[in-house]
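Residues per chain are reported as follows:
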Amino acid sequence: MLKRIQTLLKQKKVDTEMTVKGWIRTRRDTGAFSFLEVNDGSCLANLQIIADKQLTNYDTEIIKLSAGCSVVITGTLQESPAKGQDVELHAESLEVVGWADPESYPLQKKRHSLEFLRSISHLRPRTNALGAVTRVRSRLSFAVQRFFQERDFVQIHTPIITTSDCEGAGEMFQVRASGEKEDKPFFGLQAGLTVSGQLQAEVYAQALGQVYTFGPTFRAENSNTSRHLAEFWMIEPEMAFCDLDCNMELATDLLKFVLQDALDNCEEDLALFNKFIEKGLVSKLQDVVEKDFVHMTYTAAVNELSKVKEIFEYPVEWGIDLQSEHERYLTEKLYKCPVIVTDYPSSIKPFYMRLSDDGKTVAAMDILVPGIGEIVGGSQREERLDVLSRRMTDAGINLEEYDWYLDLRRYGTVPHAGFGLGFERLVQFATGMSNIREVIPFPRTPGFAPC
Ligand code: 4AD
Ligand code: MG
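Remember, it's a predicted structure, so these values are computed and weren't measured experimentally.

Trainee: Can you explain helix H12 (residues 423-431)? Please cite residues and give values.
Mentor: Of all nine residues in H12, nine are buried; the element is thus mostly enclosed. Of all the residues in H12, the buried ones are Phe423, Glu424, Arg425, Leu426, Val427, Gln428, Phe429, Ala430 and Thr431. Looking one or two residues beyond H12, the residue adopting positive phi is Gly432, at roughly 80 degrees.

What follows is the structure, encoded as structure tokens:
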């Protein structure tokens, strides 16, 4: 409704009779009337209500309104003589739908820390910051769908319960039926929550060409960092007849497209983050949309990092997995823009990545962005049956359990590639929120899963 008012304003349609349903943010009384700030969640801005003393329930109810009360107000929208807002609603009637006891309501007018708000995840969406994050997240989700649908990608709903471990990193949550016997698993095989929809997306890419998944994934990593969740959402496109270059192009286009969409459609919310959360956020996003990303190989990245190795906690040498501090040095200090690192050592990457002719590296690519580090991880997949079987055996994988995956290489195999974009890391980047727990409605981390 309040968002609609902004549209009305642009069309210069004031003096409109309307009903607003929302929650009180503040009340201020003067002799003859009260000013009420009401928000309905559709946008950041509140609507100022003028509630006249003449209203029948003024003394019994209106004068007792406080933050959090829900109300339905009918009145006329008028140009506001005061600074700070263009219009105000002159109430003709005000119905209190639900009270919120000011003695116990945790959201008082003062600014609360994000840490405190995390402890009340059922109430925090009522704040400006978390409301704005939620709208931006929703818009980004829509933009992701638009991007793929406009390019004729087919969405695949890959399973949440799975018997395959895509990343092979042993970070799966196990799924058991209550009363399940050790030797008689419910699904026949030991099952777990998916860490990635990639392997199943590959199945569909080899039938429908260009596909994508967008769903929740789960990792039982015991890392309490500002960039890791135990449950997070991932966008995973997979393309048949595609190599690493076309994969990088798609990832770059996707990032630019969704960030441009947010800049175009979330102006008011982004301005809030730009002011209070990350100064310079909007120009950072504009730069990412407009400028080229840096491309470099892992070997070149290690060479650059070796030049300044003394500043790192983890020593740098060829063969190490890049740590967050290394990734952030490249993207934040050295290039100050997104960096795509390619051709990682095969020893630190999963079995499905395509082995390069040098026998040492794989056709992998990670995209690193300032403030976050890795936001995208992807690769060209190993399409050769013999090489794949060998890599899987070396990784200690039981080939019989992945016979279906090997069938994709037995019948009509094609070069193909894809990547995973961590949706929360994208929302973090777009909002400037430094902790990933702020950008998902109900974060799940080790020791934490309220609601
Ligand atoms: O690099 P990852 O592990 O890649 C895969 O899962 C591939 N199967 C994707 C593919 O090729 N289809 O994860 C992809 C992205 C990371 O770059 C990161 O943005 C995000 O997922 N991510 C996490 N986000 C939040 N919390 C975690 N614990 C995350 N782990 C990965
Ligand atoms: Mg990765």
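Trainee: Report on the sheet that holds strand S11 (residues 231-240), specifying residues and quantitative values.
Mentor: One open sheet accounts for eight strands, arranged S6-S10-S11-S16-S15-S14-S13-S12; its pairing is mixed. Single-partner strands in this sheet number two, and they are strand S6 (154-155) and strand S12 (294-297). Examined bridge by bridge, strand S10 (residues 210-218) and S11 share nine bridges and lie antiparallel to one another. Its bridge partner being in S11, Thr213 is matched across the sheet by Glu236.

Trainee: Give a detailed account of the pattern of salt bridges, specifying residues and quantitative values.
Mentor: Taken as a whole, this structure holds 20 salt bridges when the rule is applied. Between Asp29 and Arg27 there is a salt bridge, with the nearest N and O atoms lying 2.8 Å from each other. For Arg27, a relative accessible area of 29% gives the class partly exposed. One salt-bridge network, held together by shared partners, links Arg139, Arg146, Glu150 and Asp261.

Trainee: Please provide a residue-by-residue account of the packing of helix H3 (residues 128-150) against helix H5 (residues 244-265), values included.
Mentor: The contact between H3 and H5 brings their axes to 9 Å, and the two run at 130 degrees. With respect to H5, the element H3 is oriented oblique. Of the two elements, H3 crosses H5, and the hand of that crossing is right-handed. Along the contact surface, H3 presents Arg139, Leu140, Ala143, Val144, Arg146, Phe147, Phe148 and Glu150, while H5 presents Leu250, Asp253, Leu254, Phe257, Val258, Asp261, Ala262 and Asn265. Its residues assigned to classes, the contact of H3 with H5 comprises ten nonpolar, one polar and five charged.

Trainee: I'd like a description of the site of ligand 1, backed by residues and values.
Mentor: By nearness alone, 25 residues border ligand 1, and Glu167, Gln198, Arg219, Glu236 and Glu374 come closest of all. Take Glu167: an N or O atom from its side chain is 2.7 Å from a nitrogen atom of ligand 1. Side-chain polar atom of Glu221 to a nitrogen atom of ligand 1: 2.8 Å apart, as the coordinates give it. Breaking the shell around ligand 1 down by element, the ones donating at least two residues are S11, strand S15 (373-380) and strand S16 (416-422). Among the elements that make up the shell around ligand 1, the one with the highest residue count is S15 (five residues). For the shell around ligand 1, the per-class residue count stands at nine nonpolar, eight polar and eight charged.

Trainee: Describe unusual backbone geometry, naming the residues involved and giving the relevant values.
Mentor: Phi at Asp343 is positive, roughly 60 degrees, even though this residue is not glycine. Structurally, Asp343 can be placed in strand S13 (residues 339-345). Owing to a relative accessible area of 24%, Asp343 belongs among the partly exposed residues under this scheme. One non-glycine residue, Cys451, lies in positive phi territory at about 65 degrees. Checked against the element boundaries, Cys451 lands in the segment after H12.

Trainee: Report on the packing of H3 against H12, specifying residues and quantitative values.
Mentor: Interhelical geometry of H3 versus H12 gives an angle of 120 degrees and a closest axis separation of 10 Å. As summarised for this structure, H3 and H12 are arranged oblique, according to the angle between their axes. The crossing of H3 and H12 is right-handed. Along its contact with H3, which presents Val133, Val136, Arg137, Leu140 and Ser141, the element H12 presents Phe423, Glu424, Leu426, Val427, Ala430 and Thr431. Of the residues in the contact of H3 with H12, the class split is seven nonpolar, two polar and two charged.

Trainee: Give me the lowdown on the state of the cysteines, citing residues and values where you can.
Mentor: By the definition in use, this model includes one disulfide. Across the disulfide, Cys242 is cross-linked to Cys246 (sulfur-sulfur distance 2.0 Å). Taking the sign of the torsion about the S-S bond as the criterion, the disulfide between Cys242 and Cys246, at about -135 degrees, is left-handed. The thiol sulfur of Cys43 is not disulfide-bonded, and the nearest other cysteine sulfur, from Cys266, lies at 12 Å. By relative accessible area, which is 4% here, Cys43 ends up buried.

Trainee: Explain a negative patch on the surface to me, using residue names and the numbers behind them.
Mentor: On the surface, Asp243, Asp245, Glu249 and Asp253 cluster together into a patch of negative charge. With respect to the secondary-structure elements, Asp253 resides in helix H5.

Trainee: I'd like a rundown of a nonpolar patch on the surface, residues and numbers included.
Mentor: On the surface, Ile160, Ile161, Phe186 and Phe187 cluster together into a nonpolar patch covering about 390 Å² of accessible area. Along the chain, Phe187 falls in the loop between strand S8 (174-175) and strand S9 (191-193). Here Phe187 falls in the partly exposed class, since its relative accessible area comes to 43%.

Calculation rules
Residues numbered from 1 in each chain as written. Chains lettered and ligands numbered in written order. Predicted model: local features only at pLDDT ≥ 70, side-chain atom pairs only at ≥ 80, totals over all residues. Heavy atoms only, no water. Buried < 20%, exposed > 50% of the residue type's maximum accessible area, 1.4 Å probe, protein only. Helix = DSSP H or I, 4+ residues; strand = E, 2+ residues; numbered from the N terminus. Pairing = 2+ DSSP bridges. Salt bridge = Lys/Arg side-chain N within 4 Å of Asp/Glu carboxyl O. Axes fitted to C-alpha atoms, helices over the stretch in contact; angles between N-to-C directions. Parallel < 35°, antiparallel > 145°, perpendicular 65-115°, else oblique. Left-handed = near helix turned anticlockwise from the far one by under 90°. Contact = heavy atoms within 4.5 Å. Nonpolar A, V, L, I, M, F, W, Y, C, P; charged D, E, K, R; others polar. Near = heavy atom within 4 Å. Polar contact = N/O pair within 3.5 Å; in protein donor to acceptor, adjacent residues only side chain to side chain. Disulfide = S-S within 2.5 Å. Patch = residues over 30% accessible without salt bridge, like charges linked within 9 Å, V, L, I, M, F, W, Y side chains within 5 Å. Areas by Shrake-Rupley, 256 points an atom, 1.4 Å probe, with all protein chains shown as cover. Lys, Arg positive; Asp, Glu negative; His and termini not counted. Charge placed at Lys NZ, Arg CZ, Asp CG, Glu CD.

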